[in-house]
Amino acid sequence: MSTLILASASPRRRELLQQIGVRFECRPVDIDETPLPQEAPADYVARLALEKARACQQLMGSDAVYLGSDTTVTLDNHILGKPENEDDAVRMLMHLSGRRHQVMTSVALVQGEREAVETVITEVEFQPLNEDQCRAYWHTGEPADKAGAYGIQGMGAVFVSRMEGSYSAVVGLPLMETARLLGSFAVPIWHAPAT
């Protein structure tokens, strides 16, 4: 049985791993998340997930399994990162208003020389929004650290009129794909909570 290290400080990713009974340790890492010139969104999110896992492995240096993950929101093949301020968040949300967009989440596992990465793409559709709604939502504090300026697992759920794909991937970790990858690295799921 391999030890799992989560290369993330995301409370959402911690909760999702706990939901499926995975035992793990958290060791957040900081990497440069700037997209490369002409980098496609799916390539970007996969690269960041892998770089996080690799950076954590380099930092820790053990033979554990390292899990990196990244989520990005894309509209018309453009990456919508975390908003810089209120006006940026309102701009993003108004672009998403009444339209379908994609949420891409990659999960990467690294152990020694072995690496695996999988990307899940979910289609999300927003109801039509107005600027007052977007500003009121900003003032809840929720959108400030979220790709695309919203959190589907929180108050931002009221904007979502339709979704096709993995809900857990939009939250931050595609659980079906993650469980499958963990199994291939001998990391078990469905542990009873520690007492």
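Being a predicted model, the structure only gives us computed values, none of them experimental.

Basis of the calculations
Residues numbered from 1 in each chain as written. Predicted model: local features only at pLDDT ≥ 70, side-chain atom pairs only at ≥ 80, totals over all residues. Heavy atoms only, no water. 1 Å grid on protein atoms, 1.4 Å probe; cavity = no way out; pocket = protein on both sides within 12 Å on 5 of 7 lines; lining within 4 Å. Points joined across faces, edges and corners; volume = space filled by probe spheres on them. Helix = DSSP H or I, 4+ residues; strand = E, 2+ residues; numbered from the N terminus. Nonpolar A, V, L, I, M, F, W, Y, C, P; charged D, E, K, R; others polar. Buried < 20%, exposed > 50% of the residue type's maximum accessible area, 1.4 Å probe, protein only. Pairing = 2+ DSSP bridges. Core = buried A, V, L, I, M, F, W, Y, C linked by side-chain atoms within 4.5 Å. Contact = heavy atoms within 4.5 Å. Phe/Tyr/Trp six-rings, centres within 6.5 Å; stacked < 30°, edge-to-face > 60°.

A closer look at the layout of surface pockets
For the largest pocket, the calculated volume is near 740 Å³. Around the largest pocket, the lining comprises 35 residues; the ones closest to its centre are Arg13, Asp70, Thr71, Lys82 and Asp145. The set of elements that each furnish at least two residues to the lining of the largest pocket consists of helix H1 (11–19), helix H2 (41–60), strand S3 (65–75), strand S4 (78–80) and helix H5 (167–171). Considering every element that reaches the lining of the largest pocket, the biggest residue donor is S3, with five residues. Across the lining of the largest pocket, the residue classes tally to 17 nonpolar, nine polar and nine charged.

Observations concerning the pairing of strand S5 (residues 100–111)
In terms of burial, S5 is largely enclosed, as nine of its 12 residues are buried. Here S3 pairs with S5 via nine bridges, running antiparallel. The residue of S5 that forms the bridge with Thr72 is Met104. Alignment of S5 against strand S6 (residues 114–126), held across 12 bridges, turns out to be antiparallel. Considered in S6, the bridge of Ser106 is made with Thr119. With antiparallel pairing between neighbouring strands as the criterion, S5 and S6 make up a hairpin whose turn holds two residues, including Gly112 at a positive phi of roughly 60°.

Looking at the nonpolar core
For soluble globular proteins, the rule of thumb is that nonpolar side chains tend to be buried together. Core analysis: the largest hydrophobic core is formed by 39 residues, its most contacted members being Leu4, Leu17, Leu67, Leu93 and Tyr150. Of the residues forming this core, the biggest block, five residues, is contributed by helix H3 (residues 86–96). Excluding anything up to four places from it in sequence, Leu93 contacts Phe126, Leu129, Cys134, Tyr137, Gly148, Ala149, Tyr150 and Phe159. Residues Ile5, Ala49, Cys56 and Tyr66 belong to the second largest nonpolar core, which totals 11 residues.

Some words on the packing of aromatic side chains
Considering all chains together, one arrives at three aromatic pairs under this definition. Both rings, one in Phe126 and one in Tyr150, keep their centres 4.8 Å apart while their planes meet at 70°; by these two values the pair is edge-to-face. Taken together, the residues span a long stretch of sequence, with Phe126 in strand S6 and Tyr150 in the loop between helix H4 (131–138) and strand S7 (160–164) at a distance of 24 residues. A relative accessible area of 1% places Phe126 in the buried class. Seen from their ring centres, Phe126 and Phe159 are 5.7 Å apart, and the 50° between their planes marks the pair as tilted. Highlighted residues: Phe126 in strand S6 and Phe159 in the loop between H4 and S7, separated in sequence by 33 residues. Classification of Phe159 as buried rests on a relative accessible area of 4%.

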